Amino acid sequence: MPKVLVLHGPNLNRLGKREPDIYGGGTLAELNERLRTKGGELGLEVETFQSNHEGDLIDQIHGAEERVDVLVINPGAFTHYSYAIRDALASVSVPAIEVHISNVNAREPFRELSVTAPVTRGQIIGFGFHSYELALIAAVTLVRGRA
């Protein structure tokens with residue numbers, strides 16, 4: 001069964017408490033369960049990991065090459081300035097899909113730039129938790145070699 005690693009960046013552990021008008025009321029645990037369920041429906045094994053620490057995310061990206069078929073990553077605020085995460089994504093052969101819960105392009109101007117997007121296969125933004133589910137559908141397409 002193809003395996004997808006979903007990486008949640010900083011502050012996503014605060015889902016359900018953090019700005020529910022932007023991120024909704026669901027928790028990270030609820031999102032992860034939803035992803036495992038959707039993954040099962042799509043024939044994917046879904047592993048999740050969240051960290052507020054850049055190095056932990058980089059270690060997960062590096063380790064992904066030996067154990068997963070696709071990365072789904074919401075780098076959180078690291079999206080806008082972490083060249084280290086960008087370089088980690090570029091250094092592995094595993095295709096990555098960038099996701100965001102909110103439409104980052106409709107928010108503060110600093111959120112409009114993603115330094116990680118150029119080294120991913122694509123971005124899915126602005127659909128709430130459904131952004132992640134759409135990324136799993138895209139992951140199936142990548143695994144089957146149709147993208």
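Residues numbered from 1 in each chain as written. Predicted model: local features only at pLDDT ≥ 70, side-chain atom pairs only at ≥ 80, totals over all residues. Heavy atoms only, no water.

Taking an unreviewed UniProt entry as the reference, the chain is identified by name as 3-dehydroquinate dehydratase belonging to Kroppenstedtia guangzhouensis. Regarding the chain, the relevant UniProt record gives this comment under Function (unreviewed entry): "Catalyzes a trans-dehydration via an enolate intermediate." Under the UniProt heading Catalytic activity (unreviewed entry), the note attached to the chain is "3-dehydroquinate = 3-dehydroshikimate + H2O". (UniProt positions renumbered as here; feature names shortened; annotations may be inferred.)

1. Focus on the pairing of strand S4 (residues 96-100)
Within a regular strand, side chains alternate between the sheet's two faces. Counting buried residues along S4, five of its five residues qualify, which places the element largely inside the surrounding structure. Of the two faces of S4, the one holding Ala96, Glu98 and His100 and the one holding Ile97 and Val99 are both buried throughout. Crossover strand S3 (residues 70-74) to S4 through helix H4 (residues 83-91) is right-handed. Pairing between S4 and strand S5 (residues 122-125): four bridges, direction parallel. Each residue of the ladder has a partner; that of Val99, found in S5, is Ile124. (Buried < 20%, exposed > 50% of the residue type's maximum accessible area, 1.4 Å probe, protein only. Helix = DSSP H or I, 4+ residues; strand = E, 2+ residues; numbered from the N terminus. Right-handed = clockwise from strand over helix to strand, strands pointing away. Pairing = 2+ DSSP bridges.)

2. Description of the environment of Leu35
Here Leu35 shows up in helix H2 (residues 28-42). With relative accessibility at 0%, the residue Leu35 sits in the buried group. Measuring from C-alpha to C-alpha, the distance between Leu35 and Ile124 comes to 15 Å, with 89 residues separating the pair along the chain. Discounting residues that sit within four places of it in the chain, Leu35 has contacts with Val6, His8, Val46, Tyr132, Glu133 and Leu136. (Contact = heavy atoms within 4.5 Å.)

3. A closer look at the UniProt feature "binding site: substrate" (unreviewed entry) in the chain
Within the UniProt annotation, "binding site: substrate" (unreviewed entry) is assigned to Asn74, His80, Asp87, Ile101, Ser102 and Arg111. Accessibility expressed as a relative area gives 11% for His80, which makes it buried. Here Ser102 lies in the loop between S4 and S5. In this structure Ser102 comes out as buried when scored by relative accessible area, which is 8%. Not counting the four nearest positions on each side in its chain, Ser102 is found in contact with Ile22, Tyr23, Arg107, Ile125 and Gly126.

4. What about unusual backbone geometry?
You will see that Asn11, though not glycine, has its phi angle at about 75 degrees, which is positive. Within the fold, Asn11 resides in the loop between strand S1 (3-8) and helix H1 (20-23). The backbone of Glu19 shows a phi angle near 35 degrees, a positive value even though the residue is not glycine. Mapped onto the elements of the fold, Glu19 is located in the loop between S1 and H1.

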